[in-house]
Amino acid sequence: MKIVSIIGSHRKNGNTETMLKAFDKEFKALEIPDYKNKFYNISEMNIYPCRSCLKCMRKNNCVIEDDFGKVALKMIQSDLIIMGSPVYFSDVSAQIKALFDRTYSLWHKKMLKGKNIIFVATCAEYGSGHTIDTMRHWALDHEMNIIATVEGKSEKKGKVLENEMTVKAIADAVRACDGIIPKTEEN
Ligand SMILES: Cc1cc2nc3c(=O)[nH]c(=O)nc-3n(C[C@H](O)[C@H](O)[C@H](O)COP(=O)(O)O)c2cc1C
């Protein structure tokens, strides 16, 4: 099973990274055959905003030469995408928004159609609902399969798992993936 985990926060060991690592731990405990989870922290990569050149409408790929292609390919090749964003003014981070807009190049031929995805949004106090809504709209435009959305809340860096409800929500989201996890005789 191939997963790509996309972190949309610049904070190392922050709440978004902590939650995506918690997902990895839960999946690893299931001892899934050929389990691979590739982490991309897109704030450490170069993913420029869409220029609306519309060349992708003819070419079906983005002409901007940066790290977008690497992340896009991984999303296409993975069985599950786990995407996390910190809540910035009740919405996704600029890094995640840039990634969303660049996937216009994948949208024309519906290259993400049916792709399984889990969304994570972490906030200090409020705004995760609207953030998840932004993420949902993007996924629905691509006709993706949203398996779960998980919200985390903490005013302290990396302390998001101190909330038992968040830990439970992660476990529930992993359980919701049951149908896409390859089966062995043991599981
Ligand atoms: C520019 C900026 C805007 C923010 N806006 C909000 C907000 O609207 N609501 C909120 O509850 N927290 C807000 N926060 C706090 C972060 O969402 C919160 O600390 C989050 O857990 C950070 O995740 P990270 O540790 O993965 O970076 C904001 C933080 C920054 C830097």
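Residues take numbers from 1 onward in each chain, read along the sequence in its written order. Per-residue local features are limited, in this predicted model, to residues with pLDDT of at least 70; the limit for side-chain atom pairs, both in listing and counting, is 80 or more; totals at the level of whole chains, interfaces and linings are taken over all residues.

As annotated in an unreviewed UniProt entry, the protein chain carries the name NADPH-dependent FMN reductase and is attributed to Methanospirillum hungatei JF-1. As its UniProt record puts it under Sequence similarities (unreviewed entry), the protein chain is described as follows: "Belongs to the SsuE family. Isf subfamily." UniProt positions are given in the numbering used here, feature names are shortened, and annotations may be inferred rather than shown by experiment.

Here we come to the sheet that holds strand 4 (residues 116–123). For two strands to be treated as a pair, DSSP must find no fewer than two bridges joining them. By the criteria applied, helices consist of DSSP H or I runs no shorter than four residues and strands consist of E runs no shorter than two, each listed in order from the N terminus. If you trace the five strands from one edge of the open sheet to the other, you get 2-1-3-4-5, paired in parallel fashion. One side of each edge strand has no neighbouring strand; the edge strands of this open sheet are strand 2 (36–41) and strand 5 (145–153). In this sheet, neighbouring strand axes are inclined to one another by 15 degrees on average, regardless of whether the strands run parallel or antiparallel. Bridge analysis of strand 3 (residues 80–86) against strand 4 gives seven bridges, and the strand direction is parallel. Looking across to strand 4, one finds that Gly84 is bridged to Val120. Whether two residues are in contact depends on their C-beta atoms, placed from the backbone: they are in contact if these lie within 7 Å. Axis definition: a line fitted to C-alpha atoms, over the contacting stretch in the case of helices. Angles run 0 to 180 degrees between N-to-C directions. Relative to strand 4, helix 6 (residues 128–141) is tilted by about 155 degrees, and along the sheet it contacts strand 3, strand 4 and strand 5.

All right, on to the site of the ligand then. Close to the ligand lie 18 residues, the nearest being Ser9, Gly14, Thr16, Pro86 and Cys123. For the shell around the ligand, the per-class residue count stands at seven nonpolar, eight polar and three charged. As used in this record, a residue near a molecule or strand is one whose C-beta atom, placed from the backbone, is within 6 Å of it. The residue classification treats Ala, Val, Leu, Ile, Met, Phe, Trp, Tyr, Cys and Pro as nonpolar and Asp, Glu, Lys and Arg as charged. All others, Gly included, are polar.

Another aspect to go through is helix 3 (residues 68–77). Buried residues are those with 20 or more other C-beta atoms within 10 Å of their own C-beta, exposed residues have 12 or fewer, and partly exposed residues lie in between; C-beta atoms are placed from the backbone. When we look at burial in helix 3, the residues that qualify are Phe68, Val71, Ala72 and Met75. Projected down its long axis, helix 3 carries its buried residues within an arc of 100 degrees, all on one side. What points out from helix 3, more than 90 degrees from its buried face, is the exposed set Leu73 and Gln77. Those residues of helix 3 hidden inside the fold are in contact with strand 1 (2–7), strand 2, strand 3, helix 4 (94–102) and helix 5 (104–107). Here, the arc refers to the directions that run from the helix axis to the C-beta atoms.

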